[in-house]
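One letter stands for each residue in the lines below.
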Amino acid sequence: MVTVAEVFRALFEGFVVSVEIFALTLLFAIPLGLVISFGSMSKFKPLKYVVKFFIWVIRGTPLMLQLIVIFYGPGLIATWAVNTGSTNPLVMWLATWTVMERFTAVIISFVINYACYFSEIFRGGIESIPKGQYEAGQVLGMTKTQVFFKVVLLQVVKNIIPPMSNEIITLVKDTSLARVISVYELIWAGQAFIKSDGLLWPLMTTAIFYLAFSGLLTFVFGKIEKKLDYYKN
Amino acid sequence: MSVLEVKDLKKSFGKTEVLKGVSFTLDEGEVLSIIGSSGSGKTTILRCINQLEIPNSGYISVGGEIFFDGTAEKENAKQRRMKQRLVGLVFQDFHLFPQYNVHDNLTLAAKLLAKEREDYKENKKNIIADIEAKADELLKKVGLSEKKDSYPCQLSGGQKQRVSIARALMLEPKVLFFDEPTSALDPELTGEILKVIKSLADENMTMVIVTHEMSFAKAVSTKVIFMDDGVIAEEGTPEDVFDNPKSERTKAFISKFED
Ligand SMILES: Nc1ncnc2c1ncn2[C@@H]1O[C@H](COP(=O)(O)OP(=O)(O)OP(=O)(O)O)[C@@H](O)[C@H]1O
Ligand SMILES: [Mg+2]
């Protein structure tokens, strides 16, 4: 019979992986999202439409499916190609991709997915700044860079805090999708006790971890929002 | 010598020609009012002079510096920026920077510009102190010394507009432009703005004011231009334009404002 302590140790191990997925996704998806948002606002039409199409595909399909495609897709295609006799080095390289670390596949899928969601939030935030703010800066002799960093940026940050906090709290729960490609995380850790010991409560207990984590995030975002409350855009 | 010269200024947006050849000059200390119906191109004139729009053709100079003579594209961003300091623009809806308090709204641009001075490193303390003093002096001038630490969202429309006038004056422009500075305000607040503009006129500030306040235009300006469909339909002293308008369009326009 497992002890309560053993259950919690296992859950905690799963939780650490979930937090890693969460943190790495944020770390890479925020800058990538910024790049994608600039692409989606580009004056160069072909780039803009390609980026918008990409965002549509990523936001229009389930993250679970993207995980599977990223993890198995390239290998499947390459295996098929090898079977039909291709010796193209790129294909050979892709064929090795099935042995890519599962965790890496999770991070790649999550980063791409969340970067697209973030990019739309950034675009909305940037486009909501009135043209007059840029013009006021310009007639006062500021450079474009100065206007962006000294005038526009903080206003954008203030605008995007609420939607970002929503999205980031969703990410906490989305980390559980990683188990689709057998990455051990919090839900998996809880579920394991059903099979091994016939216990359901460990799985239910995972809720405490999710709640604590999202509670902490809600608190942090609340603080940031308060901090920016001293003015109205 | 004229401090502002505009010659045969033309500007189109797509296929619509908004300015069809506008010419005028302004001497130091003069106050020019530009009147005319909606869509006649008044704002576009100010935006062209303030480098917010690139004209299609024509010539613009301020204080002897050529702002536009058809070769604007060849200029680099820094040259344009340095010229920008010769003119100031007060917008209809203020465009104050919401995250900065009144004092910082005034000093932000000046402090950034000061960093480009060669003596900035040695003289940093004095330069900053001068900027602060200048801001205090201008806030006093527009009667807002006690609002120094307030944020724009805490001010009335009239107060915001006075801050934006002070902000525009920080860089000591040779010509100050106003685009309907009272149009976004409640009627009872227009007086405080007109008072500030009047006091600037009394100090011989060269100004160009786009306005629908006819009696104010008449009282404060030395020169009036009536714009009609992209051209100057009438031009002269306030007495000429308001009391003895020559063109029918001017007569019709002015009679609308008489009560
Ligand atoms: N960026 C733009 N793109 C297209 N058309 C424009 C643009 N800016 C102005 N226009 C058009 O140019 C014409 C003149 O506009 P402008 O703003 O200069 O008029 P105005 O005399 O200032 O009018 P108002 O009294 O309403 O402010 C209008 O018909 C307007 O629709
Ligand atoms: Mg206008």
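This is a predicted model, so every value here is computed, not measured.

**Examining a nonpolar patch on the surface**
Residues A:Met64, A:Ile68, A:Tyr72 and A:Leu76 make up a contiguous nonpolar surface patch of about 360 Å² in total accessible area. On the basis of relative accessibility, which here comes to 34%, the residue A:Tyr72 falls in the partly exposed class.

**Re unusual backbone geometry**
All names here are of chain B. Positioned with a positive phi, Gln51 is a non-glycine residue whose angle comes to about 65°. Considering the arrangement of structural elements, one finds Gln51 in the loop between helix H1 (42-49) and strand E4 (57-62). One non-glycine residue, Glu172, adopts positive backbone phi at about 50°. Locating Glu172 in the fold gives a position in the loop between helix H5 (157-169) and strand E7 (175-179). Residue Glu172 is classed as exposed on the basis of its relative accessible area of 54%.

**A few points about the confidence of the model for chain B**
Reading predicted coordinates in detail is not appropriate for stretches of low pLDDT. Scored by pLDDT, chain B comes out at a mean of 93, with 98% of its residues at no less than 70. For this predicted complex, the interface confidence comes out at an ipTM of 0.93, alongside a pTM of 0.88.

**Some words on the site of ligand 1**
All names here are of chain B. Close contacts around ligand 1 come from Phe13, Val18, Ser37, Ser38, Gly39, Ser40, Gly41, Lys42, Thr43, Thr44, Glu180 and His212, and that covers them all. For ligand 1, an oxygen atom lies 2.8 Å from a polar atom in the backbone of Gly39. A distance of 2.5 Å is found between an oxygen atom of ligand 1 and a side-chain nitrogen or oxygen belonging to Thr44. Against a free-state accessible area of 640 Å², the protein chains account for coverage of 58% of ligand 1.

**Considering the interface of chain B and chain A**
At the junction of the two partners, chain B supplies 23 residues and chain A supplies 21 residues. Between chain B and chain A lies a buried interface of about 2100 Å² when both sides are counted; carbon and sulfur atoms form 64% of it. Our count for the chain B to chain A interface comes out at one salt bridge. Here A:Glu135 and B:Arg47 are joined by a salt bridge, their closest N and O atoms 2.7 Å apart. Here the side of chain B that touches chain A takes four residues from helix H3 (residues 102-114) of chain B, the largest share from any one element. Looking at the side of chain B that touches chain A, its residues break down into 15 nonpolar, five polar and three charged.

**Brief notes about the sheet that holds strand E5 (residues 65-68) of chain B**
The strands that make up a sheet are held in pairs by hydrogen bonds between backbone atoms, and each pair lies either parallel or antiparallel. Residues and elements named next belong to chain B. Pairing within the open sheet is antiparallel, and its four strands lie in the order E2-E1-E4-E5. At either end of the open sheet lies a strand with only one pairing partner, and these are strand E2 (16-27) and E5. Taking the axes of each pair of neighbouring strands and ignoring which way they run, one obtains an average angle of 20° across the sheet. Here nine bridges tie strand E1 (residues 2-13) to E2, and the two strands are oriented antiparallel to one another. Directly across from Val6, in E2, lies its bridge partner Phe24. Sheet contacts for H1: E1, E2, E4 and E5; angle to E2, the most-contacted strand, approximately 65°.

**Some remarks on the nonpolar core**
With 135 residues, the main nonpolar core has B:Leu4 and B:Met207 as its most contacted residues. Among the elements that line this core, the one with the most residues is helix H5 (residues 102-127) of chain A, at 12 residues. Residues contacting B:Met207, with those up to four places away along its chain left out, are B:Leu26, B:Glu30, B:Val31, B:Leu32, B:Leu176, B:Phe178, B:Ile197, B:Leu200 and B:Ala201. Core analysis: the next-biggest nonpolar cluster, separate from the first, contains nine residues, B:Ala217, B:Val241, B:Phe253 and B:Ile254 among them.

Quick notes on the rules
- Position labels on residues start from 1 in each chain and follow its written sequence.
- Lettering for chains starts from A, numbering for ligands starts from 1, and both go in the order in which the items are written.
- Totals for whole chains, interfaces and linings use every residue, but because this is a predicted model, local features are given only for residues with pLDDT of at least 70 and side-chain atom pairs only at 80 or more, for both listing and counting.
- Each side-chain value is derived from all of the structure's non-hydrogen atoms; neither hydrogens nor water enter the calculation.
- What goes into a patch is any residue over 30% in relative accessible area without a salt bridge, connected to like charges within 9 Å or, for nonpolar side chains (Val, Leu, Ile, Met, Phe, Trp, Tyr), within 5 Å.
- A 1.4 Å probe and the Shrake-Rupley method give the accessible areas. Residues count as covered only by the protein chains that appear here.
- The term salt bridge refers to a pairing of a side-chain nitrogen on Lys or Arg with a carboxyl oxygen on Asp or Glu at a separation within 4 Å.
- Burial classes: relative accessible area under 20% of the type maximum marks a residue as buried, over 50% as exposed, and values in between as partly exposed (1.4 Å probe, protein chains only).
- Numbering of helices and strands starts at the N terminus; helices are DSSP runs of H or I of at least 4 residues and strands are runs of E of at least 2.
- Residue-level confidence of the predictor, termed pLDDT, takes values from 0 up to 100.
- Being near a molecule or strand, for a residue, comes down to having at least one heavy atom within 4 Å of it.
- Here a polar contact means two N or O atoms within 3.5 Å. Within protein one must be a hydrogen donor candidate and the other an acceptor candidate, and residues neighboring in sequence count only if both atoms are side-chain atoms.
- Between two residues, a contact is recorded if the distance between any of their heavy atoms is within 4.5 Å.
- Accessible area that two parts lose when put together, with a 1.4 Å probe and added across both, is what the buried area reports.
- Just so you know the grouping, Ala, Val, Leu, Ile, Met, Phe, Trp, Tyr, Cys and Pro go in nonpolar, Asp, Glu, Lys and Arg go in charged, and all remaining residues, Gly too, go in polar.
- Two strands are counted as paired when DSSP detects at least two bridges linking them.
- Axes here refer to lines fitted to C-alpha atoms; in helices the fit is confined to the stretch in contact. Angles between the N-to-C directions go from 0 to 180 degrees.
- Take the buried Ala, Val, Leu, Ile, Met, Phe, Trp, Tyr and Cys residues and link them wherever side-chain atoms come within 4.5 Å; each set so joined is a nonpolar core.

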